[in-house]
Amino acid sequence: MLKRTSFIALWLITLIPIIFAQFGHDPQRFQSLLKGFFKLSANYALTPKWRSNYNQHSIVYRLGDKTEYSVNKKILNDVFEADMVLTPYQMEDVIDTFKARVHGRPKRVKRNAAADSVKLRWPNRTIPFEFKDTKDAKWITLLRDGMAKWTRETCLRFVPRTTQKDYVTFFRGGGCYSSVGRTGGKQYISIGYGCEGGGIVAHELGHAIGFWHEQSRPDRDEYINLNNDNIIKGTYGNFEKRTDLERTDIPYDFGSVMHYGPQAFTNNWNYVTIETKDHRFQHTIGQRADISFIDVKHANHLYCNDICKMRLHCLNGGYENPLDCSRCKCPPGLGGIRCERIATSTPGCGGDLIATATWSVLNSARVGKCYWRLLAPYGQRVRFEITDADYKCDSSCAENYLEIKHQRDMQQTGFRQCCNAVPDTLLSKPTFPKPPLANWEGQGGLNGLLGQETGIDNTFENYVVKELPNVLRSTGGRADISSLFTLVDSLLRAGSGKKKK
Ligand SMILES: [Zn+2]
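Residues numbered from 1 in each chain as written. Predicted model: local features only at pLDDT ≥ 70, side-chain atom pairs only at ≥ 80, totals over all residues. Heavy atoms only, no water.

### Side note on helix α4 (residues 88-103)
Formally: By the criteria applied, helices consist of DSSP H or I runs no shorter than four residues and strands consist of E runs no shorter than two, each listed in order from the N terminus. In this scheme, a helix's expected span is set at 1.5 Å multiplied by one less than its residue total. Each residue's exposure class comes from its accessible area (1.4 Å probe, protein chains only) as a fraction of the maximum for that residue type: buried when under 20%, exposed when over 50%, partly exposed otherwise.
Spanning 16 residues, α4 covers 22 Å between terminal C-alpha atoms, matching the ideal 22 Å at 1.5 Å per step. The complete set of buried residues in α4 reads P88, Y89, Q90, M91, D93, V94, I95, D96, T97, F98 and A100. Once α4 ends, the next one or two residues include G104, with phi positive near 60 degrees.

Right, here's the structure in full:
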């Protein structure tokens, strides 16, 4: 009997520290690990030799950063990647990943990323919260707006805490920061002075939901270059990649609210530290206006995947909407039940256009949301050029811009124009999405449901053009502001495109 008791006791002794190490908050331990890590990583270059997109001319980038980074300048030594407070376990994992990279060896501790991230998720899709300061009505409204951004689009719910063991406490700290995932017990989200953007609140909530920064994804080197020379000395550690993120088929997104701004940790505000490999996306990164389609999809994937039982076979990156399983949730610019058609625009603009063999001009100065879709016959491509785009220039185009999606993947945020027209002619990607399965065509099935809708079967244009020229209002209604697109239709190959069956 005695033996048995001691055996049980031994179990407890070994178990407790593991659980504590994994979920426990230990700010001091985190701080000392963080300082050690910054020191350790200070002298290691990040990515292979940086190659600028801008070798013709240097970038002049005298634009303000609107992300939490610029608010947090005073606390950059105390948080990871500008705004995260990690558990010692998470920080150790970052260090381990870093060491493995620089020594070219596998990670010391092989962790099961998927299992870890499940543990860090909130049960029942519910995040209990409390406000530390309940007197500041404006601040509370700001927080509620940030929460609403997530609840409008996902199955996640924020509920006032009653007796729940794990919960978030919002407080007005000296900056904007958060833990990553559910770390156990009480965890803090600081929304201090300067963090007033609804997108910043949504960003910090994104961390609490379980997201790291977009540019630390394992595949980021395919999308961005880091300019070592312009990164503040000693802060390189904030640009390490994560290698153990749970794998999903959700693509990298320049427009993610979780992406750093272009000037994060810059030592010279005239230069960017993050260059997008395709320079046309330079003003897409770092937006803090709203969560992106992919941010939402990612959250729904983690928390809401089991809600819709019936598959709708959504097209173009859409997926069953957990808030309404009878419809697909479509990438911006697309609509219909299965994301097969163009989204509805503000009256008076937008629509489907057919590319022809001569250049056509599209000119618009309408205030609102305008979506155009440029179609080419099956197997052909659209040639496209922006000759003028006149909006309020910003580091990250946030509210007023022209967005162009020319890639096959319609989920990703397209490149946003708000400063000046990016030169170059664009060619849409040559291969279009495969036609859906045959059982969706012909009689019966969903066809009845879809009624008159066309375009369901294939031949997608690849452009959705989105314009939000509210800038007209802010510039005193200058009516001459316009965006011009010139488009040419595709080179017709012999024959008139494949006939679909
Ligand atoms: Zn962050």
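### A few points about the coordination of the zinc ion
The cut-off we apply is this: For Na, K and Ca the donor cut-off is 3.2 Å, while for other metals it is 2.8 Å, and in both cases only N, O and S atoms qualify; water is not among them, so sites may look incomplete.
Looking at the zinc ion, one finds its protein donor set to be D83 (OD), D83 (OD), H203 (NE2), H207 (NE2) and H213 (NE2), positioned 2.0 to 2.3 Å from the metal centre. All donors of the zinc ion come from a single chain, and their spacing in sequence reads D-x119-H-x3-H-x5-H. Here H207 and H203 lie together in helix α7 (residues 198-209), a separation of four residues that amounts to about one turn. Assessed through its relative accessible area of 0%, H207 is described here as buried.

### As for the UniProt feature "binding site: Zn(2+)" (unreviewed entry) in the chain
Selection rule: UniProt positions are given in the numbering used here, feature names are shortened, and annotations may be inferred rather than shown by experiment. Whether two residues are in contact is decided by their heavy atoms: any pair within 4.5 Å suffices. Under this definition, polar contacts are N or O atom pairs within 3.5 Å; protein pairs additionally need one hydrogen-donor-capable and one acceptor-capable atom, and for neighbouring residues in sequence, both atoms have to be side-chain atoms.
Within this structure's numbering, the places UniProt gives as "binding site: Zn(2+)" (unreviewed entry) are H203, H207 and H213. The contact partners of H207, leaving out residues within four places of it in the chain, are D83, M84, S178, S179, V180, G181, W212, H213 and M258. Locating H213 in the fold gives a position in the loop between α7 and β6 (224-226). Overall, the relative accessible area of 1% leaves H213 in the buried class. If we ignore the near neighbours within four places in the chain, the residues touching H213 are E81, D83, M84, H203, H207, M258 and Y260. In terms of polar contacts, H213 uses its side chain to reach the side chain of E81, at 2.7 Å.

### Examining the nonpolar core
Note the threshold: We define the nonpolar core as a collection of buried residues of types Ala, Val, Leu, Ile, Met, Phe, Trp, Tyr and Cys that are connected through side-chain atoms lying within 4.5 Å of one another.
Counting 38 residues, the largest nonpolar core has W150 and F170 as its most contacted members. Core analysis: the second largest hydrophobic core is formed by 33 residues, Y252, F281, A355 and V382 among them.

### Examining the state of the cysteines
To be explicit about the condition: Cysteine sulfur atoms are paired as a disulfide whenever they fall within 2.5 Å.
One pass over the structure, following the stated rule, counts seven disulfides. Disulfide pairing is shown between C176 and C195; the S-S distance is 2.2 Å. As the torsion about the S-S bond is roughly -90 degrees, the C176-C195 disulfide counts as left-handed. You can see C176 sitting in strand β4 (residues 176-178) and its partner C195 sitting in the loop between β5 (186-191) and α7, a full 19 residues away along the chain.

### As for the sheet that holds β5
This is how the line gets drawn: The pairing criterion for strands is at least two bridges between them, as found by DSSP. Here an axis means a line fitted to C-alpha atoms, over the contact stretch when the element is a helix, while the angle between two N-to-C directions is reported on a 0 to 180 degree scale.
Across the sheet, five strands lie side by side as β2-β1-β3-β5-β4; this open sheet has mixed pairing. Every interior strand has two partners, whereas the edge strands, β2 (157-160) and β4, have only one. Averaged over all pairs of adjacent strands, the angle between their axes in this sheet comes to 30 degrees, without regard to strand direction. The pairing of β4 with β5 spans three bridges and is antiparallel. Within β5, the position partnered with C176 by the bridge is I191. Across the sheet, helix α6 (residues 137-153) is in contact with β1 (126-131), β2, β3 (167-171) and β5; its angle to β1 comes to roughly 175 degrees.

### Thoughts on the environment of S216
Among the structural elements, S216 can be located in the loop between α7 and β6. Its relative accessible area of 1% is what places S216 among the buried residues. With 26 residues separating them in the primary sequence, S216 and R242 have C-alpha atoms 5.6 Å apart. Excluding residues within four positions of it along the chain, S216 makes contact with E81, E240, K241 and R242. In terms of polar contacts, S216 uses its side chain to reach the backbone carbonyl oxygen of H213, at 2.8 Å.

### Quick word on the pairing of β1
Test applied: For the handedness criterion, the strands are oriented away from the viewer, and a crossover whose path from the first strand over the helix to the second runs clockwise is classed as right-handed.
In this sheet, β2 lies alongside β1 in parallel orientation, the contact comprising four bridges. Directly across from T126, in β2, lies its bridge partner R157. The parallel pair β1 and β2 is bridged by α6, and the resulting crossover is right-handed.

### So, the pattern of salt bridges
How we decide: Basic side-chain nitrogens of Lys or Arg form a salt bridge, by our definition, when they fall within 4 Å of a carboxyl oxygen of Asp or Glu.
Tallied over the full model, the rule gives 20 salt bridges. A salt bridge links D394 to K66, with the nearest nitrogen and oxygen atoms 2.7 Å apart. Of this pair, D394 sits in the loop between β15 (383-389) and β16 (402-405) while K66 is found in the loop between α2 (27-41) and α3 (68-71), placing the two residues 328 residues apart along the sequence. Put simply, R172 and E196 hold a salt bridge, and the shortest N to O gap is 3.2 Å. Remark: E196 occurs in the loop between β5 and α7 and R172 occurs in the loop between β3 and β4; sequence separation between them is 24 residues.

### Regarding the packing of α2 against α4
Spelled out, the test is: An angle counts as roughly parallel when it lies under 35 degrees, as roughly antiparallel when it exceeds 145, as roughly perpendicular when it falls between 65 and 115, and as oblique in every other case. Each crossing gets its handedness from the near helix: less than a right angle anticlockwise from the far helix is left-handed, clockwise is right-handed. Lys, Arg, Asp and Glu make up the charged group, whereas Ala, Val, Leu, Ile, Met, Phe, Trp, Tyr, Cys and Pro make up the nonpolar group; the residues left over, Gly among them, are polar.
In the contact formed by α2 and α4, the axes pass within 9 Å of each other and the chain directions differ by 15 degrees. On the basis of the axis angle, α2 is roughly parallel to α4. Pair α2 / α4 crosses with left-handed handedness. Contacts between α2 and α4 involve R29, F30, L33, L34, F37, L40 and S41 from the first element and P88, M91, E92, V94, I95, F98 and K99 from the second. Across the contact of α2 with α4, the residue classes tally to 10 nonpolar, one polar and three charged.

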